[in-house]
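Coordinate analysis (summary)
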Amino acid sequence: MSPTWVYAVTGDLDFAVPDDLEGIGGARVREVHEGRLLAAASSVDAGAFNEESLQRRLADPGELEAMARAHHHVIGTVAEAGTVLPLRLGTVYREDGGVRAMLAERQPEFAATLGWLAGRAECGVKVWASPAALAGSGRAENRAPGGGGGGGGGGAAYLSRRRDELAARDQASRRTAETAAAIHEELASLAVAGRQHRPQDAPAAGPGSAQARDVMVLNGSYLVPVAGLEEFSAGARAAVAGLAGFRLDVTGPWPPYSFADGPTDGPTDGPTDGPTGGEE
Amino acid sequence: MTQPWNPAQAGMTRPPRRGEPASLADILERVLDKGIVIAGDIRVDLLDIELLTIRLRLIVASVDRAREMGIDWWEHDPALSSKARDLEQENRELRDRVGELEGGDQAPDGIPRQRVTSPSDRAR
């Protein structure tokens, strides 16, 4: 018997998986029914998806990417049809019976969360700060070359200047963090709920671009009524518009990944360091 | 699949550019860190996933972009590649790191290197 990979749970019992929907490994996605819930699932190869090989696959970036995209694709397809509860990547049962038992056991909890998520979607907002905003002044970086030489300053003067520079940078980075937190609070107030992801370290733009050195200071997700997505997006833009050196990007709407654990946390919980909160 | 979800239908003012795939980094942080956690029959060590995502973020958040830029970092990263077995380099880096930590009194960067490399250690 092939193991069963589970993508998502929905309460939309009419949901029919499109015939051409492919999941992990190109397998056909099917419905697993139990009571008032339905899981989108597919069979995976037993040899390739035992604990050891799955762990190994997750450690291979190419395989991880393929699995992540397939998992996300199925969840997105279910989300287009109705309210979806996305499952963490790598939820695998020995057979469909295990999936049905899980659905039966957690029915009340899932139903409550699905009710909370109905008609809502996740909006991603990333905020970047320019190097100038991070340094507190646009000139901070141009001053360095030449260093101790000119200006009649001896070693002590240099050290004092250096100390001032470091203090200024420290203060600026604290100010940046405060600004990011304030933006998150404001966005969360425009939304049903807000969650923070860890800011991404990747370059914000390709090399050579003026924005290549911007640093992401906020990576948030906000649960927004589908009918209010445009309004939220405009509100997010307005929140950052007056801040020199800050810019933002809105992504989505996403299936409500960041809110799958229900309304457990306040709207302003801190950045998450990996699995927290809803884990069990 | 070109977008996280049907933004056109939802009427976003500025959805991701048409045809542009959702950023892999955005997908990874959601499918690995978010989504409801249910203990299936086949247990995946979530600690390893956490370490993996931290590692991914430390190096580059978007494999898409890395590919565009011609970077194949995973080929040289023993913690991420099942192919790479560059223990020598890893050991050298660890020795340097230990020397650094013993020499100066700098605080570690918050993510102890031995933790980060543990998934591959275990795999060996």
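Sequence order as written defines residue numbering, which begins from 1 separately in each chain. Starting at A for chains and at 1 for ligands, labels are handed out in the order in which the entities are written. Totals for whole chains, interfaces and linings use all residues, but because this is a predicted model, local features are given only for residues with pLDDT of at least 70 and pairs of side-chain atoms are given and counted only at 80 or more.

Helix and strand counts for chain B come out as six helices and zero strands. Counting all 124 residues of chain B, 31% fall into the buried class. Within chain B, residue pairs in contact and separated by at least 24 positions form 45% of the contacts whose partners lie at least 6 positions apart. Strands are runs of DSSP state E lasting at least 2 residues, helices are runs of H or I lasting at least 4, and numbering of each runs from the N terminus. Between the buried cut of 20 or more and the exposed cut of 12 or fewer other C-beta atoms within 10 Å of a residue's own C-beta lies the partly exposed class, and all C-beta atoms are placed from the backbone. Placing C-beta atoms from the backbone, we regard two residues as in contact once those atoms come within 7 Å.

Okay, the pairing of strand β1 (residues 4-10) of chain A next. Residue and element names in this part refer to chain A. When you tally the buried positions in β1, you get seven out of seven residues, the bulk of the element. A strand pair is defined by DSSP finding two or more bridges across the two strands. Relative to strand β3 (residues 37-43), β1 runs antiparallel, the two being bridged by six bridges. The residue bridging T10 from the neighbouring strand is L38, located in β3. Sheet topology note: the β1/strand β5 (residues 92-93) ladder contains two bridges and is antiparallel. Looking at β5, one finds that T4 is bridged to Y93. Pairing geometry for β1 and strand β4 (residues 84-86), over three bridges, is antiparallel.

Residue and element names in this part refer to chain A. Assigned domains within chain A: domain 1 (4-117) and domain 2 (120-259). Domain 1 puts six residues into the contact, and the matching count from domain 2 is five residues. Sorting the residues of the side of domain 1 that touches domain 2 by element identifies α2 (61-81) and β4 as the ones contributing at least two each. The greatest single-element share of the side of domain 1 that touches domain 2, amounting to three residues, is contributed by α2. Source of the domain bounds: an automatic or database domain assignment.

It is worth spelling out unusual backbone geometry at this point. Omega for the bond connecting G252 of chain A with P253 of chain A falls within 30 degrees of zero, at 5°, which places this linkage in the cis form. Relative to the helices and strands, P253 of chain A is located in strand β9 (residues 246-254).

We now examine the environment of D201 of chain A. Among the secondary structure elements, D201 of chain A is positioned in the loop between β7 (193-197) and β8 (215-225). In sequence terms D201 of chain A and F110 of chain A are 91 residues apart; their C-alpha atoms lie 34 Å from each other.

Right, let's get into the sheet that holds β7 of chain A. Residues and elements named next belong to chain A. Spatially, β7-β8-β6-β9 is the arrangement adopted by the four strands of the open sheet, whose pairing is antiparallel. In this open sheet, the two edge strands, each paired with only one partner strand, are β7 and β9. Sheet twist, expressed as the mean angle between neighbouring strand axes with direction ignored, is 25°. The sheet contact formed by β7 and β8 spans five bridges and is antiparallel. The partner of G194 across the bridge, within β8, is Y222. Lines fitted to C-alpha atoms define the axes, with helix axes restricted to the stretch in contact, and inter-axis angles between N-to-C directions lie between 0 and 180 degrees.

This part is about helix α3 (residues 96-117) of chain A. Residues and elements named next belong to chain A. Multiplying 1.5 Å by the helix residue count minus one yields the expected span of that helix. Here α3 is 22 residues long, yet its end C-alpha atoms lie only 26 Å apart, well below the 32 Å a rise of 1.5 Å per residue gives. In this structure, the buried residues of α3 make contact with β1, β2 (30-34), β3, β4, β5 and β6 (120-129). Positive phi shows up at G119, right after α3, with a value of about 75°.

A separate point is the pairing of β8 of chain A. All names here are of chain A. Within β8, nine of the 11 residues are buried, which leaves the element mostly enclosed by the surrounding structure. Pairing of β6 with β8 involves 10 bridges; the strand directions are antiparallel. In the strand pairing of β8, V125 is matched with G220.

With that out of the way, let us pick up the nonpolar core. Residue and element names in this part refer to chain A. By definition, a nonpolar core groups buried Ala, Val, Leu, Ile, Met, Phe, Trp, Tyr and Cys residues that are joined through C-beta atoms within 7 Å. With 79 residues, the main nonpolar core has A8, A39, A40, V127 and Y222 as its most contacted residues. Considering each element in turn, this core owes the most residues, eight residues, to α2. A domain split of this core shows at least three residues from each of domain 1 (4-117) and domain 2 (120-259). Excluding anything up to four places from it in sequence, A39 contacts V6, V9, V32, V99 and L103.

Another aspect to go through is the packing of helix α5 (residues 155-190) of chain A against helix α6 (residues 229-241) of chain A. Residue and element names in this part refer to chain A. At a minimum axis distance of 10 Å, the contact between α5 and α6 shows a crossing angle of 155°. Classified by the angle between their axes, α5 and α6 sit roughly antiparallel to one another. Considering the relative orientation of α5 and α6, their crossing is right-handed. Residues I183, E186, L187 and L190 of α5 form the contact with α6, whose own contacting residues are F232, G235, A236, A239 and V240. Of the residues that constitute the contact of α5 with α6, the class distribution is seven nonpolar, one polar and one charged. Roughly parallel means an angle under 35 degrees; roughly antiparallel means over 145; roughly perpendicular covers 65 to 115; every other angle is labelled oblique. Left-handed is the label given to a crossing in which the near helix is rotated counterclockwise from the far helix by less than a right angle, and right-handed is the label when the rotation is clockwise. Under the grouping applied here, Gly and all other residues not named as nonpolar or charged are polar, the nonpolar ones being Ala, Val, Leu, Ile, Met, Phe, Trp, Tyr, Cys and Pro and the charged ones Asp, Glu, Lys and Arg.

What follows concerns the confidence of the model for chain A. pLDDT expresses how confident the predictor is about each individual residue, on a scale running from 0 to 100. When pLDDT is averaged along chain A, the result is 84, and 85% of the positions lie at 70 or above. In the model, residues 138-149 of chain A has pLDDT below 50 throughout and makes six contacts with residues more than four positions away in sequence or in other chains.

As a further point, take the confidence of the model for chain B. All names here are of chain B. Here chain B averages 57 in pLDDT, and 27% of its residues register 70 or above. Taking the mean pLDDT of every element in chain B, the minimum, 39, falls on helix α6 (residues 113-123) and the maximum, 85, on helix α2 (residues 24-33). Every residue in residues 6-20 is under pLDDT 50, and counting partners more than four places away or in other chains gives 28 contacts. Predicted confidence is poor over residues 105-124, with pLDDT under 50, and the contacts of this stretch with residues over four places away or in other chains come to 22 contacts. Confidence estimates for the predicted assembly give a pTM of 0.71 and an ipTM of 0.81.

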